[in-house]
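Structural overview for review
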Amino acid sequence: MASRRSGSTARGVTMTNPDTHSAEDVEAGRLLFTRAWTFSRGSPGLDHLPPDDRPEVAFAGRSNVGKSTLINALVGQHALARASNTPGRTQELNFFTEPDAGLYLVDMPGYGFAEAPKDKVAAWNRTLRAYLAGRRTLLRVFLLIDARHGPKSVDDEIMKLLDGAAVSYQAVLTKADKISRTDLERVTERTIAALAKHPAAYPHVIVTSAETGAGFEDLRATIAKLLTSQNA
Ligand code: GDP
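Residues numbered from 1 in each chain as written. Predicted model: local features only at pLDDT ≥ 70, side-chain atom pairs only at ≥ 80, totals over all residues. Heavy atoms only, no water.

1. Points about the nonpolar core
Core analysis: the largest hydrophobic core is formed by 36 residues, its most contacted members being Val106, Met108, Tyr131, Leu132, Val141 and Tyr169. Elements represented by at least two residues in this core include exactly strand E2 (56-61), strand E3 (93-97), strand E4 (104-107), helix H3 (118-134), strand E5 (138-146), helix H4 (153-165), strand E6 (169-174) and helix H5 (181-195). Among the elements that take part in this core, H4 stands out by supplying five residues, more than any other. Not counting the four nearest positions on each side in its chain, Val106 is found in contact with Glu56, Val57, Ala58, Phe59, Leu93, Asn94, Phe95 and Tyr131. Ranked by size, the runner-up nonpolar core spans 27 residues in total, among them Leu32, Phe59, Leu80 and Leu139. (Core = buried A, V, L, I, M, F, W, Y, C linked by side-chain atoms within 4.5 Å. Buried < 20%, exposed > 50% of the residue type's maximum accessible area, 1.4 Å probe, protein only. Helix = DSSP H or I, 4+ residues; strand = E, 2+ residues; numbered from the N terminus. Contact = heavy atoms within 4.5 Å.)

Right under this line is the structure:
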């Protein structure tokens, strides 16, 4: 199995995809996500994680960033991931799978709710840290950032945590349809600049809109390619 850290570099973060997808990658991505993905289990702590018997990719981001919407759009289902996460809701790592896909999709609890009690935040940070540091099958974390706001200090903290765990991660802008093209270019540049300071960040930002479907071909092909490289 190749290292989960493959592909991570801080240099030359660009809007242009460094590994432009071939028609085969795009098709593999499409096929991977036309499968019937289902909820496998929710894990409130590390003792409830499923066995690390297959690769996984995880999705992280501030509460309300559009994570549930993105996961649902990724798999072409309306209700796989919970449509809304409310403050104080049980903080779980949710695992989705499909029998033949050989992959877990992991929905990480949203962070950054100002209203969340401090002890819950501390507990979540501990779980997150331990999961990231110990999950050898974790191929990549997709770090979702709201295109309307760009990276916030709380995102920066997560990036530092990911750097510390040496987990490859890639930024995904969400809700691109909500802002003008000019603002989108500006926020993408700002995201790129923020990522360039982080050693484990993957050098390509995926810009998505669940509303228009923009960026999902890229995201699906990226995941399919990660999976193929693991199985090679
Ligand atoms: P989560 O807390 O990160 O899981 O966020 P949700 O998926 O519940 O999304 C938060 C809000 O943003 C909801 O009202 C979604 O409908 C909206 N949203 C999410 N993605 C998009 C998008 O790509 N475009 C638009 N216009 N709205 C979005």
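2. So, the confidence of the model for the protein chain
Predicted confidence across the protein chain gives a mean pLDDT of 87, with 87% of residues reaching 70 or more. Low confidence marks residues 1-12, where pLDDT is under 50. Its contacts with residues over four positions away, or in another chain, come to 38 contacts. (pLDDT = per-residue confidence, 0-100.)

3. Details of the packing of aromatic side chains
Following the criterion strictly, the structure yields four aromatic pairs and no others. Seen from their ring centres, Phe59 and Phe142 are 5.5 Å apart, and the 20° between their planes marks the pair as stacked. You can see Phe59 sitting in strand E2 and its partner Phe142 sitting in strand E5, a full 83 residues away along the chain. Taken individually, Phe59 and Phe142 each receive the classification buried, so the pair is uniform in this respect. Taking the centre distance of 5.4 Å and the plane angle of 85° together, the rings of Phe95 and Tyr104 count as edge-to-face. Like Tyr104, Phe95 is buried. Directly above the ring of Tyr202 sits Arg140, whose terminal nitrogen or CZ lies 3.9 Å from the centroid. (Phe/Tyr/Trp six-rings, centres within 6.5 Å; stacked < 30°, edge-to-face > 60°. Lys NZ or Arg CZ within 6 Å of the ring centre and 35° of its normal.)

4. Digging into the side chain of Thr174
Tracing the sequence through the fold places Thr174 in strand E6. Within polar-contact distance, the side chain of Thr174 engages the backbone oxygen of Val65 at 2.7 Å. In this view, Thr174 contacts Val65, Leu70, Leu144, Ile145, Asp146, Ala147 and Thr208; residues no more than four positions away in its chain are not counted. (Polar contact = N/O pair within 3.5 Å; in protein donor to acceptor, adjacent residues only side chain to side chain.)

5. Structural notes on the pattern of salt bridges
This model, assessed by the stated rule, comprises twelve salt bridges. In this structure, Lys225 and Asp25 form a salt bridge, with 3.5 Å as the shortest nitrogen-oxygen distance. In this pair, Lys225 sits in helix H6 (residues 216-231) while Asp25 sits in helix H1 (residues 23-32), placing the two residues 200 residues apart along the sequence. In this structure, Glu98 engages Arg35 in a salt bridge whose closest nitrogen and oxygen atoms are separated by 3.1 Å. With a gap of 63 residues between them, Glu98 in the loop between E3 and E4 and Arg35 in the loop between H1 and strand E1 (38-43) connect regions that are remote in the sequence. Look at Glu98 and you get buried, because its relative accessible area is 9%. Taking relative accessible area as the criterion, Arg35 reaches 30% and is therefore assigned partly exposed. One network of salt bridges, in which partners are shared, links Asp146, Arg148 and Lys175. (Salt bridge = Lys/Arg side-chain N within 4 Å of Asp/Glu carboxyl O.)

6. Here's the deal with the packing of helix H2 (residues 67-75) against H6
Taken N-terminus to C-terminus, the directions of H2 and H6 make an angle of 75°; their axes are 10 Å apart at the nearest point. Judged by the angle between their axes, H2 and H6 are roughly perpendicular. Between H2 and H6, the residues in contact are Leu70, Ala73 and Leu74 and Phe216, Leu219, Arg220 and Ile223, respectively. Across the contact of H2 with H6, the residue classes break down as six nonpolar, no polar and one charged. (Axes fitted to C-alpha atoms, helices over the stretch in contact; angles between N-to-C directions. Parallel < 35°, antiparallel > 145°, perpendicular 65-115°, else oblique. Nonpolar A, V, L, I, M, F, W, Y, C, P; charged D, E, K, R; others polar.)

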